[in-house]
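# A structural walkthrough
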Amino acid sequence: MPRESFPIGNVRVRPGTARDVELPITRLVTGADIALPVRVLHGRDDGPVIWFDAAIHGDEVVGIEVIHQLLDTLSAKTLRGTVIAVPIVNVLGFLSGDRYLPDRRDLNRSFPGSARGSLASRVAHLMITEVIAKCEVGIDLHTGSDGRSNLPQIRADLDDPRTRELAEVFGAPVMLHSKLRDGSLRWAARERGATVLVYEAGEPWRMDAWAIDAGVAGVLRVLAALDMIDPVEAADRPSRECRTSGWVRARRTGLLRLDCELGQEVTEGERLGGVYDSFGRTQRLVYADRTGVVIGRTKVPLVNSGDALVHIGV
């Protein structure tokens, strides 16, 4: 018996086809409509319904390119199940080059949202009702923030067996145990029974090829593990599990010179760099405050006392 058509917005997508859908968000003062761009690939054969999204923060573009490459790879004619791809969730923030929405709210703290709430709340509500509520698995694609770059990593509840299984399959260099945060997409989706992975890699407004490649490969591994596509090559090595993490912060204000790189293993007390004045005199050296792996670091040369410098996973 053939699959039924997949309903989304005011359309239905027939089995074995792909369709672009615009879900209305708001209207600008100019009269132009702003919509959430979505592509649905509805396979001919039965299988899971999964979504992946990017740019919940408007300056996080790595995930957009990950989705572009995935859509170039996948075909509704051979897909088993259904994929909902949302390459730019925070459309207004993306258009203005801003991490947040015009109302200055963080979209990833606005879920599950409300149909009559703030702008952020309305976008969150649209994602929940039209995308997340229809899916059993989701992959939320992010980058570092505020001039920071992240090692490719999965953040997830690793104490949940199903979530842990998919995190291991993804095969990122690191998987970090991360508790749910109220108001986040991951929290709202879990409340509705979905299994969610958060992928973090690269820095804002940068198309970091290494972050994109790892993201594409990881999502394809998850799809293969769900038997939605044919098997793909496994990761070269298992993900390193980190149960906790913390930032080494600047003790002085000045120009930063870091000598550590993403993925580097460090030991407590190891020198990571230094903070200097305008003449190059050392103001304060930077040392690791724990033993672990560098999963994030700032790329900003000028730092103030208290700024986050190096993120170490344990």
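Residues numbered from 1 in each chain as written. Predicted model: local features only at pLDDT ≥ 70, side-chain atom pairs only at ≥ 80, totals over all residues. Heavy atoms only, no water.

## A look at helix 4 (residues 161-170)
Taken together, the buried positions of helix 4 are occupied by Thr-163, Leu-166, Ala-167 and Phe-170. All buried residues of helix 4 lie within an arc of 105° about the axis, which places them on one face of the element. Looking at the buried residues of helix 4, the elements they touch are strand 7 (137-142), strand 8 (148-156), strand 9 (174-177), helix 5 (185-191), strand 10 (195-202) and helix 6 (209-225). Taken from the residues just after helix 4, Gly-171 is the one with a positive phi, measuring 80°. (Buried < 20%, exposed > 50% of the residue type's maximum accessible area, 1.4 Å probe, protein only. Helix = DSSP H or I, 4+ residues; strand = E, 2+ residues; numbered from the N terminus. Arc of directions from axis to C-beta. Contact = heavy atoms within 4.5 Å.)

## Brief notes about the environment of Val-232
Its place among the elements puts Val-232 in the loop between helix 6 and strand 11 (240-242). For Val-232 and Leu-220, which are 12 residues apart along the polypeptide, the C-alpha to C-alpha distance reads 7.2 Å. Aside from chain neighbours lying at most four places away, what touches Val-232 is Leu-220, Arg-221 and Ala-224.

## Examining the pattern of salt bridges
Enumeration according to the criterion identifies 22 salt bridges in this entry. Note that Asp-59 is salt-bridged to Arg-99, the shortest N-O span being 3.9 Å. Of the two residues, Asp-59 sits in the loop between strand 5 (45-54) and helix 1 (62-73) while Arg-99 sits in the loop between helix 2 (91-96) and helix 3 (119-130), which places them 40 residues apart along the sequence. Here Asp-59 falls in the buried class, since its relative accessible area comes to 9%. Exposure remark for Arg-99: the relative accessible area of 15% places this residue in the buried category. As a salt-bridge pair, Asp-277 and Arg-281 come within 3.0 Å of each other at their nearest N and O atoms. On the basis of relative accessible area, Asp-277 is assigned to the buried category, the value being 16%. Through salt bridges with shared partners, a single ionic network connects Asp-159, Arg-164, Glu-168, Glu-241 and Arg-243. (Salt bridge = Lys/Arg side-chain N within 4 Å of Asp/Glu carboxyl O.)

## Section: the packing of helix 1 against helix 6
Running from amino to carboxyl end, helix 1 crosses helix 6 at an angle of 50°, the nearest separation of the two axes being 9 Å. In terms of orientation, helix 1 lies oblique with respect to helix 6. Seen along the crossing, helix 1 lies across helix 6 with a hand that is right-handed. Contacts between helix 1 and helix 6 involve Val-62, Glu-65, Val-66, Gln-69, Leu-70 and Thr-73 from the first element and Ala-211, Ile-212, Gly-215, Val-216, Val-219 and Leu-220 from the second. A breakdown of the residues in the contact of helix 1 with helix 6 according to their chemical character gives eight nonpolar, three polar and one charged. (Axes fitted to C-alpha atoms, helices over the stretch in contact; angles between N-to-C directions. Parallel < 35°, antiparallel > 145°, perpendicular 65-115°, else oblique. Left-handed = near helix turned anticlockwise from the far one by under 90°. Nonpolar A, V, L, I, M, F, W, Y, C, P; charged D, E, K, R; others polar.)

## Concerning the sheet that holds strand 18 (residues 302-303)
Sheet strands line up and pair through hydrogen bonds in the backbone, either parallel or antiparallel. In spatial order, the strands read 16-15-13-18; together these four strands make up an open sheet with antiparallel pairing. Either end of the sheet is taken by a strand with one partner, and the two such strands are strand 16 (282-287) and strand 18. By the bridge criterion, two bridges tie strand 13 (residues 254-258) to strand 18 in an arrangement that is antiparallel. The residue bridging Leu-255 from the neighbouring strand is Leu-302, located in strand 18. (Pairing = 2+ DSSP bridges.)

## Examining a nonpolar patch on the surface
Taken together, the side chains of Leu-255, Val-300 and Leu-302 make up a nonpolar region of the molecular surface, amounting to roughly 240 Å² of accessible area. Mapped onto the fold, Leu-255 is located in strand 13. Judged by relative accessible area, which is 40%, Leu-255 ranks as partly exposed. (Patch = residues over 30% accessible without salt bridge, like charges linked within 9 Å, V, L, I, M, F, W, Y side chains within 5 Å. Areas by Shrake-Rupley, 256 points an atom, 1.4 Å probe, with all protein chains shown as cover.)

## Considering the nonpolar core
As a rule of thumb, nonpolar side chains are buried together in soluble globular proteins. Of all hydrophobic cores here, the largest spans 79 residues; its most connected members are Ile-8, Trp-51, Ile-84 and Met-127. For this core, the element with the highest residue contribution is helix 6, accounting for eight residues. Core analysis: the second largest hydrophobic core is formed by 15 residues, Val-248, Ala-250, Leu-256 and Leu-258 among them. (Core = buried A, V, L, I, M, F, W, Y, C linked by side-chain atoms within 4.5 Å.)

## Examining the packing of helix 4 against helix 6
When two helices pack together, their arrangement is given by the angle between their axes and by how far apart the axes lie. Relative to each other, helix 4 and helix 6 sit at 130°, their axes nearing to 8 Å. In this view, helix 4 runs oblique relative to helix 6, as classed from their interaxial angle. Regarding helix 4 and helix 6, the two cross each other, and that crossing is right-handed. Where helix 4 abuts helix 6, its residues Leu-166, Val-169 and Phe-170 lie against Ala-214, Gly-215, Gly-218, Val-219, Arg-221, Val-222 and Ala-225. Within the contact of helix 4 with helix 6, the residues separate by chemical class into seven nonpolar, two polar and one charged.

## So, the side chain of Asn-90
Mapped onto the elements of the fold, Asn-90 is located in the loop between strand 6 (80-86) and helix 2. At 3.2 Å, the side chain of Asn-90 and the backbone oxygen of Arg-99 are in polar contact. (Polar contact = N/O pair within 3.5 Å; in protein donor to acceptor, adjacent residues only side chain to side chain.)

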